[in-house]
Amino acid sequence: DQLPQGAAVLGTVLSSDKSNITIMTGARVAHPLLLGLANIHMHTRMKLSSKAFMLMALLPIPQYLHLNQQMWGMLKDHLIHECLSIVLQPLMKAAELGIMMSDCH
């Protein structure tokens, strides 16, 4: 399949790292899920002042009571994958169908 005349593909970058969110919730941690565009130069994208990333979600870091630590890893992986499938649903739909965007030029 070919793209229509004038169409462009925009790659996306997802980023996440464990962060303290104590200001909002008091002594809590989460994985902020950030979304950026791949066509922004990495040097620019990584500057906090560039505001090149958008916060999509705060992914949970659960505490488990189960005694088996291997079970913790499986539960954590399953939870993260479920959260990502929910949060990224609109992006996956856009990738499948495409989205019309205005051209600023």
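What counts as what
Residues numbered from 1 in each chain as written. Predicted model: local features only at pLDDT ≥ 70, side-chain atom pairs only at ≥ 80, totals over all residues. Heavy atoms only, no water. Pairing = 2+ DSSP bridges. Helix = DSSP H or I, 4+ residues; strand = E, 2+ residues; numbered from the N terminus. 1 Å grid on protein atoms, 1.4 Å probe; cavity = no way out; pocket = protein on both sides within 12 Å on 5 of 7 lines; lining within 4 Å. Points joined across faces, edges and corners; volume = space filled by probe spheres on them. Nonpolar A, V, L, I, M, F, W, Y, C, P; charged D, E, K, R; others polar. Expected span 1.5 Å × (residues − 1). Polar contact = N/O pair within 3.5 Å; in protein donor to acceptor, adjacent residues only side chain to side chain. Contact = heavy atoms within 4.5 Å. pLDDT = per-residue confidence, 0-100.

Draft legend 1. Structural context of the pairing of strand S3 (residues 29–37). With five bridges connecting them, strand S1 (residues 12–16) and S3 associate as antiparallel partners. Note that in S3 the partner of Ser15 across the bridge is Leu34. Relative to S3, strand S2 (residues 19–20) runs antiparallel, the two sharing two bridges. The partner of Asn20 across the bridge, within S3, is Val29.

Draft legend 2. Summary view of the layout of surface pockets. The space that makes up the second largest pocket amounts to roughly 290 Å³. For the second largest pocket, the lining is made up of 16 residues, of which Leu34, Arg45, Met46, Leu48 and Phe53 are closest to its centre. Elements with a minimum of two residues in the lining of the second largest pocket: S1, S3 and strand S4 (54–60). Its residues assigned to classes, the lining of the second largest pocket comprises eight nonpolar, four polar and four charged.

Draft legend 3. A look at helix H3 (residues 69–87). In this model H3 runs 27 Å from its N-terminal to its C-terminal C-alpha over 19 residues, within 8% of the 27 Å that 1.5 Å per residue would give. If you check the start of H3, you find a side-chain oxygen 2.8 Å away from the backbone N of Gln70, and it comes from Asn68.

Draft legend 4. Region of the structure containing the side chain of His31. Within the element layout of this structure, His31 appears in strand S3. The contacts of His31, once residues within four sequence positions are left out, are Ser16, Asp17, Lys18, Ala57, Leu58, Leu59, Pro60 and Ile61.

Draft legend 5. Main features of the confidence of the model for the protein. Across the protein, the average pLDDT comes to 80, with 88% of residues at or above 70. Confidence, read as mean pLDDT per element, is least for helix H1 (residues 22–25) in the protein (62) and greatest for H3 (89).

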